[in-house]
Amino acid sequence: DDAVAVVANSWWEAQQALLALPVEWDEAGTGTVDDADIRARLEAGLDTDNAVVMDEQGKPAAAFKAAKLQIEGNFKAPYLAHATMEPMTCTAAVHKDGRVEVWVPTQNATASLETAARTAGVEPLKVEVHNTQLGGGFGRRGANQDFTGQAVRIAMAVGRPVKLMWSREEDTQHDFYRPASMARLQAAVDSGGRLTGLNMRVSAPSILTSLGMKTADGRDPVALQGLADQFYAVPNFRADYVLRMLHEPVGFWRSVTHSQTAYFREHFLDQVARATGQDPYSFRLNLLQEAPKQRAVLEAVAEHAGWGKALPEKTFRGIAVESSYGSHCAQVVEVRVEDDGRFRLLRVVCTIDPGYVVNPDTIAAQVESAITYGLTAALFGEITIRDGRVQQGNFDDYPMLTLRQMPEVETHIVASGDFWGGVGEPPLPPVAPALCNALYAATGKPLHSLPLSAHGLRLA
């Protein structure tokens, strides 16, 4: 009903036959959708009166009315694919006695079992899931019903066990993408340069709705992670959400919406700090009087990075902090701008408080991995749509950060010891805003959309 499959004795034979088939697709009314349509729908959400308030404290309207200075920034983040090292795959066997077995790299074995049972039309007790090594997940292998269901359907059709393998192009063009989103942030500043009001609006699709989970009255608590629960001591703030479902399927991506909202908020705070003549680090520190854990990682990263000390010529720093998945993380990114306008990633200094620590080497490995993933997205990551189809297919047009381009990464653990937090996702959100803040320091221009390559910013 939604796919064409070729079964052969090798992947190469199957792939060559599949490419030779004259397949005609029913575009189902979406064949004219492109990036301009998506942008227009998201932009309309920034101006609508039909927003759902996710969090509000104080009296934001009064704060803006009394403000000495008002600052605004509109931000845009693109769709992103997961680009796992191993494309989607699943092996299925439907036995004559009604038993079903699947061998699948999954982040959600229960969903794999339910999908296999539903597809084969058997009771869940007749299904066995063999959970294999992931080959990379980042959230994509939590939304695994598509490739698991396909494997079972094909095995039923041919009456033999089938090993389903997607190509890299199929994987890139049939993902559950990180949502494209837009945000508007507004700041109210008093005559003393203090941030007295903050309005934050996000216009985006709902991951929960896309994956068939229940949401009420257009409310998706995932959509405003890091904004509705922001930790800065701003006396008056409002965070609201405009649901804009588009035709592209969206899902969980490493650090989920923290990967966007931290960029929106932390880059905007640099804009406010510079507009009021304040150092970005000191500006944040003054807002963290009631957030000791975030303050601790911020102070630690500034110390380890040498914030405030003189830098070599053409070298610039940016700073950011975020809390996610039970942990607190701050980062400083250092870049050098070359004479031809290109820049080099020199160093990322990261401090993280996950509460308790079992294996410091595991934490360092996850920090380095998350920073690599986050830098790749900030620099190059963008899925674009034309005529209803994803335009990217492989690593030639959806590039990854290379070893030569990778900066030095320093990991410093600031463990407060009274809780257990995660380490696989929290190091990702701060890196994009810290990088943008470093380039903002270099150029004097804020970067209100990603990826940076779209601004003509290139690595040396």
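Structure shown above.
Residues numbered from 1 in each chain as written. Predicted model: local features only at pLDDT ≥ 70, side-chain atom pairs only at ≥ 80, totals over all residues. Heavy atoms only, no water.

**Details of the nonpolar core**
- Judged by nonpolar contacts, the single largest core of 78 residues is most densely connected at L224, F343, L345, L379, L435 and L452.
- With residues up to four places along the chain from it excluded, the contact list for L452 reads A378, L379, L435, C436, L439, L447 and L457.
- Grouped together as the second largest cluster of nonpolar side chains are 26 residues, V33, Y79, M182 and I385 included. (Core = buried A, V, L, I, M, F, W, Y, C linked by side-chain atoms within 4.5 Å. Buried < 20%, exposed > 50% of the residue type's maximum accessible area, 1.4 Å probe, protein only. Contact = heavy atoms within 4.5 Å.)

**Quick notes on helix α2 (residues 35–47)**
- Look at α2: 19 Å from first C-alpha to last across 13 residues, which is about the 18 Å you get at 1.5 Å a residue.
- Burial in α2 covers these residues: I38, L42, G45 and L46. Burial along α2 is one-sided: seen end-on, the buried residues are contained in an arc of 110°. Exposed side of α2, more than 90 degrees from the buried face: A36 and D47 are the residues found there.
- On the buried face of α2, the contacting elements are β7 (181–189), β8 (195–204), β9 (236–243) and β13 (385–386).
- Measuring from the backbone nitrogen of A36 back to the side-chain oxygen at the start of α2 gives 3.1 Å, which picks out D34 as the cap. (Helix = DSSP H or I, 4+ residues; strand = E, 2+ residues; numbered from the N terminus. Expected span 1.5 Å × (residues − 1). Arc of directions from axis to C-beta. Polar contact = N/O pair within 3.5 Å; in protein donor to acceptor, adjacent residues only side chain to side chain.)

**Comments concerning the environment of A365**
- Positionally, A365 belongs in helix α11 (residues 360–379).
- Note on A365: relative accessible area 42%, which makes it partly exposed.
- For the pair A365 and Q16, spaced 349 residues apart in sequence, the C-alpha to C-alpha distance is 39 Å.

**What about the sheet that holds strand β5 (residues 127–131)?**
- Taken in spatial order, the four strands of this open sheet run β5-β4-β3-β6, and their pairing is mixed. The open sheet terminates on both sides in strands that have one partner only, identified here as β5 and β6 (162–165). Neighbouring strand axes in the sheet, compared pairwise and without regard to direction, differ in orientation by 15° on average.
- Taken together, the four bridges between strand β3 (residues 89–94) and β6 define a ladder with antiparallel strand orientation. Along β6, the bridge assignment pairs A92 with V162.
- Contacts from helix α4 (residues 109–120) reach β4 (100–104) and β5, with the element oriented near 140° to β5. (Pairing = 2+ DSSP bridges. Axes fitted to C-alpha atoms, helices over the stretch in contact; angles between N-to-C directions.)

**As for the packing of aromatic side chains**
- Counted according to the given criterion, the structure contains 12 aromatic pairs.
- Centre to centre, the rings of W11 and W12 are 6.5 Å apart; their planes meet at 50°, and the pair counts as tilted.
- A centroid spacing of 6.4 Å and a plane angle of 55° characterise the contact between Y281 and W307, whose relative ring orientation is tilted. With Y281 in helix α9 (residues 280–286) and W307 in the loop between α10 (292–305) and β10 (315–324), this pair connects stretches of sequence that are 26 residues apart. W307 shares its class with Y281; the two are buried.
- An aromatic cluster is built from F75, Y263, F264 and F268, whose rings are joined through pairwise contacts.
- Geometry around Y373 places R254 over its ring, the cationic atom sitting 5.7 Å from the centre.
- When the ring centre of Y440 is taken as reference, the NZ or CZ atom of R274 above it lies at 5.3 Å. (Phe/Tyr/Trp six-rings, centres within 6.5 Å; stacked < 30°, edge-to-face > 60°. Lys NZ or Arg CZ within 6 Å of the ring centre and 35° of its normal.)

**Details of the side chain of R244**
- Positionally, R244 belongs in the loop between β9 and α8 (258–275).
- The side chain of R244 is buried and forms no salt bridge, while D47, the nearest opposite charge, is found at 9.0 Å.
- Ignoring sequence-local partners within four residues, the contact set of R244 consists of R41, L42, A44, G45, T48, S203, A204 and P205. (Lys, Arg positive; Asp, Glu negative; His and termini not counted. Salt bridge = Lys/Arg side-chain N within 4 Å of Asp/Glu carboxyl O.)

**Looking at the pairing of strand β11 (residues 327–337)**
- Along β11, nine of the 11 residues are buried, which leaves the element largely enclosed by surrounding structure.
- The antiparallel pairing of β10 with β11 creates a hairpin that spans two residues between the two strands, and Y325 there sits at a positive phi of about 50°.
- As paired strands, β11 and strand β12 (residues 343–353) are joined by 10 bridges and run antiparallel to one another. Across the sheet, Q331 pairs through a bridge with C350, a residue of β12.

**Details of the sheet that holds β10**
- Pairing within the open sheet is mixed, and its four strands lie in the order β10-β11-β12-β15. On the outer flanks of this sheet lie β10 and β15 (408–413), each paired with one strand and no other. When the angles between neighbouring strand axes are averaged without regard to direction, this sheet yields 15°.
- Judged from the six bridges that link them, β12 and β15 form a sheet pairing that is parallel.

**Overview of a nonpolar patch on the surface**
- On the surface, V4, L21, V23 and W25 cluster together into a nonpolar patch covering about 340 Å² of accessible area.
- Among the structural elements, L21 can be located in the loop between α1 (11–20) and α2.
- Judged by its relative accessible area of 39%, L21 is partly exposed. (Patch = residues over 30% accessible without salt bridge, like charges linked within 9 Å, V, L, I, M, F, W, Y side chains within 5 Å. Areas by Shrake-Rupley, 256 points an atom, 1.4 Å probe, with all protein chains shown as cover.)

**Focus: the side chain of D55**
- Its place among the elements puts D55 in strand β1 (residues 52–57).
- An unpaired buried charge is present at D55: no salt bridge exists, and R219, the closest side chain of opposite charge, is 8.3 Å distant.
- Those residues in contact with D55 that sit more than four places away from it in its chain are A228, F237, R238 and A239.

**Comments concerning unusual backbone geometry**
- Of note, the amide linkage connecting L450 to P451 takes the cis form, showing an omega dihedral of 5°.
- Among the structural elements, P451 can be located in the segment after α12 (431–443).
- The phi torsion at F138 lies on the positive side, around 60°, for a residue other than glycine.
- Note on placement: F138 falls in the loop between β5 and α5 (145–158).
- F138 gets classed as partly exposed once you look at its relative accessible area, which sits at 27%.

**Quick look at the environment of Y79**
- Within the fold, Y79 resides in the loop between β2 (69–77) and β3.
- Beyond its immediate stretch of four places on either side in the chain, Y79 contacts I38, Y177, R178, P179, A180, L246, E248, V250, E382 and I383.
- In this structure the side chain of Y79 is engaged in a polar contact, spanning 2.6 Å, whose partner is the side chain of E248.

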